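The chain contents come next:
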Amino acid sequence: ESPVCLNDMSQKASAICDGTGTTRVFTVLSQAHAIFRDATYADSQRIWEWRNKLNGIAKFSNEAVGFEQHDEWFSHAIQDPHRTIRIAMRDGNPCGYLRLDRISESRARVSICLAPESRGKNFGPQLLREADRLGEELGFIGLEAEVHLQNMPSRKLFERAGYAQGTRTGSFLGFYRAIKDAT
(Lines give C-alpha, C1' and ligand atoms only; values in the text may rest on other atoms or scores of the structure.)
Protein backbone atom coordinates (compact mmCIF):
# COMPACT_ATOMS: atom_id res chain seq x y z
CA GLU A 1 0.00 0.00 0.00
CA SER A 2 2.37 2.60 -1.24
CA PRO A 3 1.42 6.27 -1.23
CA VAL A 4 1.70 6.28 -5.04
CA CYS A 5 -0.76 3.37 -5.32
CA LEU A 6 -3.20 4.97 -2.86
CA ASN A 7 -2.99 8.28 -4.70
CA ASP A 8 -3.65 6.51 -8.02
CA MET A 9 -6.66 4.68 -6.55
CA SER A 10 -7.98 7.93 -5.09
CA GLN A 11 -7.72 9.74 -8.44
CA LYS A 12 -9.46 6.87 -10.27
CA ALA A 13 -12.26 6.78 -7.69
CA SER A 14 -12.71 10.54 -7.94
CA ALA A 15 -13.04 10.26 -11.72
CA ILE A 16 -15.96 7.83 -11.51
CA CYS A 17 -17.79 9.19 -8.45
CA ASP A 18 -20.09 12.19 -8.64
CA GLY A 19 -20.43 12.66 -4.90
CA THR A 20 -24.21 12.24 -4.92
CA GLY A 21 -24.43 8.46 -4.52
CA THR A 22 -25.45 8.63 -0.87
CA THR A 23 -28.20 11.10 -1.71
CA ARG A 24 -29.49 8.90 -4.55
CA VAL A 25 -29.53 5.79 -2.35
CA PHE A 26 -31.24 7.66 0.50
CA THR A 27 -33.86 9.06 -1.91
CA VAL A 28 -34.74 5.58 -3.18
CA LEU A 29 -34.79 4.00 0.27
CA SER A 30 -36.82 6.77 1.87
CA GLN A 31 -39.53 6.92 -0.76
CA ALA A 32 -42.88 5.95 0.56
CA HIS A 33 -44.66 3.18 -1.25
CA ALA A 34 -48.21 3.73 -2.36
CA ILE A 35 -51.09 1.62 -1.15
CA PHE A 36 -54.03 1.31 -3.51
CA ARG A 37 -57.76 1.36 -2.90
CA ASP A 38 -60.82 1.46 -5.12
CA ALA A 39 -62.02 4.93 -6.07
CA THR A 40 -65.28 6.13 -4.57
CA TYR A 41 -67.61 8.97 -5.44
CA ALA A 42 -65.86 11.06 -2.75
CA ASP A 43 -62.74 11.12 -5.01
CA SER A 44 -64.50 12.93 -7.86
CA GLN A 45 -63.54 16.50 -7.02
CA ARG A 46 -59.96 15.58 -6.11
CA ILE A 47 -59.41 13.84 -9.45
CA TRP A 48 -60.99 16.76 -11.32
CA GLU A 49 -58.64 19.18 -9.51
CA TRP A 50 -55.58 17.02 -10.27
CA ARG A 51 -56.50 16.83 -13.94
CA ASN A 52 -57.06 20.57 -14.19
CA LYS A 53 -53.59 21.22 -12.76
CA LEU A 54 -51.90 19.26 -15.56
CA ASN A 55 -50.23 21.11 -18.37
CA GLY A 56 -51.61 20.70 -21.89
CA ILE A 57 -49.21 17.96 -22.96
CA ALA A 58 -50.07 15.76 -19.99
CA LYS A 59 -53.77 15.50 -20.85
CA PHE A 60 -55.45 13.48 -23.56
CA SER A 61 -57.77 16.38 -24.23
CA ASN A 62 -57.11 20.08 -23.73
CA GLU A 63 -60.80 20.86 -23.52
CA ALA A 64 -61.80 22.56 -20.30
CA VAL A 65 -64.12 20.25 -18.41
CA GLY A 66 -66.31 21.80 -15.74
CA PHE A 67 -66.78 20.05 -12.44
CA GLU A 68 -70.43 19.18 -13.12
CA GLN A 69 -69.55 17.45 -16.39
CA HIS A 70 -66.63 15.61 -14.79
CA ASP A 71 -68.72 14.64 -11.75
CA GLU A 72 -71.42 13.12 -13.94
CA TRP A 73 -68.80 11.18 -15.93
CA PHE A 74 -67.06 10.04 -12.73
CA SER A 75 -70.26 8.83 -11.05
CA HIS A 76 -70.86 6.56 -14.06
CA ALA A 77 -67.17 5.60 -14.43
CA ILE A 78 -66.84 4.13 -10.93
CA GLN A 79 -69.86 1.90 -11.63
CA ASP A 80 -68.80 0.85 -15.14
CA PRO A 81 -67.88 -2.87 -15.14
CA HIS A 82 -65.43 -2.24 -18.03
CA ARG A 83 -63.50 0.41 -16.10
CA THR A 84 -61.47 0.16 -12.89
CA ILE A 85 -60.26 3.23 -11.02
CA ARG A 86 -57.80 2.92 -8.15
CA ILE A 87 -56.50 5.63 -5.84
CA ALA A 88 -52.86 5.58 -4.75
CA MET A 89 -52.45 6.47 -1.08
CA ARG A 90 -49.27 7.59 0.70
CA ASP A 91 -49.24 8.15 4.45
CA GLY A 92 -53.05 8.02 4.40
CA ASN A 93 -53.35 10.73 1.74
CA PRO A 94 -54.42 10.32 -1.90
CA CYS A 95 -51.45 10.94 -4.20
CA GLY A 96 -52.62 9.73 -7.62
CA TYR A 97 -54.97 7.56 -9.58
CA LEU A 98 -54.82 4.69 -12.01
CA ARG A 99 -57.58 3.84 -14.47
CA LEU A 100 -57.89 0.72 -16.61
CA ASP A 101 -60.49 0.83 -19.39
CA ARG A 102 -61.30 -2.49 -21.07
CA ILE A 103 -60.82 -2.07 -24.84
CA SER A 104 -61.15 -5.77 -25.74
CA GLU A 105 -61.48 -9.08 -23.94
CA SER A 106 -57.72 -9.25 -23.48
CA ARG A 107 -56.51 -5.63 -23.40
CA ALA A 108 -57.02 -2.48 -21.35
CA ARG A 109 -56.02 1.16 -21.76
CA VAL A 110 -54.00 2.64 -18.87
CA SER A 111 -54.52 6.20 -17.66
CA ILE A 112 -52.63 7.68 -14.72
CA CYS A 113 -52.50 11.04 -12.95
CA LEU A 114 -50.51 12.19 -9.96
CA ALA A 115 -51.43 14.86 -7.46
CA PRO A 116 -49.30 17.95 -8.12
CA GLU A 117 -47.41 17.53 -4.84
CA SER A 118 -46.62 13.88 -5.69
CA ARG A 119 -45.04 14.46 -9.09
CA GLY A 120 -41.36 13.70 -9.42
CA LYS A 121 -41.37 11.43 -6.35
CA ASN A 122 -41.27 8.03 -8.08
CA PHE A 123 -44.99 7.29 -7.83
CA GLY A 124 -45.41 6.91 -11.61
CA PRO A 125 -43.59 3.56 -11.68
CA GLN A 126 -45.68 2.40 -8.71
CA LEU A 127 -48.87 3.25 -10.60
CA LEU A 128 -47.69 1.25 -13.62
CA ARG A 129 -46.68 -1.75 -11.47
CA GLU A 130 -50.17 -1.66 -9.96
CA ALA A 131 -51.59 -1.49 -13.51
CA ASP A 132 -49.70 -4.72 -14.33
CA ARG A 133 -50.87 -6.44 -11.16
CA LEU A 134 -54.46 -5.31 -11.56
CA GLY A 135 -54.50 -6.03 -15.29
CA GLU A 136 -53.35 -9.58 -14.71
CA GLU A 137 -55.88 -10.01 -11.90
CA LEU A 138 -58.64 -8.87 -14.29
CA GLY A 139 -57.49 -11.34 -16.94
CA PHE A 140 -55.85 -8.96 -19.42
CA ILE A 141 -52.78 -10.06 -21.34
CA GLY A 142 -51.79 -6.60 -22.51
CA LEU A 143 -52.01 -2.93 -21.61
CA GLU A 144 -52.01 0.13 -23.86
CA ALA A 145 -51.53 3.84 -23.27
CA GLU A 146 -51.59 7.03 -25.31
CA VAL A 147 -49.09 9.77 -24.46
CA HIS A 148 -48.75 13.23 -25.99
CA LEU A 149 -45.67 13.38 -28.24
CA GLN A 150 -44.24 16.29 -26.25
CA ASN A 151 -44.82 14.71 -22.83
CA MET A 152 -41.30 13.39 -22.40
CA PRO A 153 -41.63 12.50 -18.67
CA SER A 154 -44.59 10.21 -19.40
CA ARG A 155 -42.96 8.74 -22.48
CA LYS A 156 -39.85 7.88 -20.45
CA LEU A 157 -42.00 6.48 -17.64
CA PHE A 158 -43.82 4.06 -19.95
CA GLU A 159 -40.60 3.08 -21.75
CA ARG A 160 -38.82 2.34 -18.44
CA ALA A 161 -41.81 0.23 -17.39
CA GLY A 162 -41.32 -1.98 -20.43
CA TYR A 163 -43.91 -0.49 -22.77
CA ALA A 164 -43.00 -0.51 -26.46
CA GLN A 165 -43.80 2.42 -28.71
CA GLY A 166 -46.68 1.83 -31.05
CA THR A 167 -48.29 3.97 -33.69
CA ARG A 168 -48.73 7.71 -33.71
CA THR A 169 -52.25 9.14 -33.88
CA GLY A 170 -52.26 12.90 -34.29
CA SER A 171 -50.33 14.40 -31.38
CA PHE A 172 -50.28 11.13 -29.43
CA LEU A 173 -47.98 8.15 -29.40
CA GLY A 174 -49.29 4.71 -28.51
CA PHE A 175 -47.50 2.44 -26.06
CA TYR A 176 -48.25 -1.22 -25.35
CA ARG A 177 -47.03 -3.92 -23.02
CA ALA A 178 -47.72 -7.62 -22.63
CA ILE A 179 -48.30 -8.48 -18.99
CA LYS A 180 -48.58 -12.24 -19.48
CA ASP A 181 -48.44 -14.80 -22.23
CA ALA A 182 -51.57 -15.36 -24.29
CA THR A 183 -51.56 -19.11 -23.60
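Above this text is the structure in question.
(A) Structural detail: the overall build of the chain. Counting its regular elements, the chain contains six helices and seven strands. Counting from the amino terminus, helix and strand elements in the chain follow one another as α-α-β-α-α-β-β-β-α-β-α-β-β. Going through the 183 residues of the chain one by one, you find that 34% of them count as buried. A separation threshold of at least 6 residues defines the contact pool for the chain, and within that pool the share at least 24 residues apart is 58%. Carbon and sulfur atoms form 53% of the exposed surface of the chain, whose accessible area is close to 11,300 Å².

(B) Looking closely at helix H6 (residues 152-160). When H6 is considered as a whole, its buried residues turn out to be Arg155, Leu157 and Phe158. Projection of H6 onto a plane perpendicular to its axis shows the buried side chains occupying an angular sector of 160°, all on one side. Opposite its buried face, H6 presents the exposed residues Pro153 and Arg160, each directed more than 90 degrees away. Against strand S4 (107-114), helix H5 (123-137), strand S5 (142-148), strand S6 (164-169) and strand S7 (172-178) lie the buried residues of H6. Trailing H6 by a residue or two, glycine 162 shows a phi angle of about 95°, which is positive.

(C) Structural view of unusual backbone geometry. Not every positive phi belongs to a glycine, and aspartate 91 is a case in point at roughly 55°. One non-glycine residue, asparagine 122, lies in the positive phi region at around 70°. Counting through the fold element by element, asparagine 122 comes out in the loop between S4 and H5. With relative accessibility at 35%, the residue asparagine 122 sits in the partly exposed group.

(D) The nonpolar core, seen in detail. Counting 25 residues, the largest nonpolar core has Leu98, Leu100, Val110, Leu143, Phe158, Tyr163 and Phe175 as the members making the most contacts within it. Listed by contribution, the elements that provide at least two residues to this core are strand S3 (93-102), S4, H5, S5, H6 and S7. The element that contributes the greatest number of residues to this core is H5, accounting for five residues. Residues contacting leucine 143, with those up to four places away along its chain left out, are Leu100, Arg107, Ala108, Val110, Ala131, Asp132, Tyr163, Phe175, Tyr176, Arg177 and Ile179.

(E) The packing of aromatic side chains, seen in detail. Counted according to the given criterion, the structure contains four aromatic pairs. Aromatic rings pair up to connect Phe158, Tyr163 and Phe175 into one cluster.

(F) A look at helix H4 (residues 67-77). Of the residues making up H4, those classed as buried are His70, Asp71, Phe74 and Ala77. When H4 is viewed along its axis, its buried side chains cluster within an angular range of 125° and face the same direction. Turned more than 90 degrees away from the buried face of H4, the exposed residues are Glu68, Gln69, Glu72 and His76. Of the surrounding secondary structure, the elements contacted by the buried residues of H4 are helix H3 (44-52) and strand S2 (83-90).

About the thresholds
- Throughout, residues of each chain are indexed from 1 in the direction in which the sequence is written.
- Residue-level local features of this predicted model are given only where pLDDT is at least 70; pairs of side-chain atoms are given and counted only at 80 or more, and the full residue set underlies all totals for whole chains, interfaces and linings.
- Just so you know, side-chain values use all the structure's heavy atoms and leave hydrogens and water out.
- Each helix is a run of DSSP H or I of at least 4 residues and each strand a run of E of at least 2, with the numbering of both proceeding from the N terminus.
- For each residue, the accessible area found with a 1.4 Å probe, counting protein chains only, is set against the maximum for its type, and the residue is called buried under 20%, exposed over 50%, and partly exposed in between.
- Residue contacts are counted whenever heavy atoms from the two residues lie within 4.5 Å of one another.
- Calculation of accessible area relied on Shrake-Rupley with a 1.4 Å probe; when residues are assessed, cover is drawn exclusively from the protein chains displayed.
- It is the directions from the helix axis to the C-beta atoms whose arc is reported.
- The criterion is simple. A nonpolar core is a set of buried Ala, Val, Leu, Ile, Met, Phe, Trp, Tyr and Cys residues joined through side-chain atoms within 4.5 Å.
- Pairing of aromatic rings covers Phe, Tyr and Trp, the last through its six-membered ring, and needs centres within 6.5 Å; plane angles under 30 degrees mean stacked, over 60 mean edge-to-face, and all others mean tilted.

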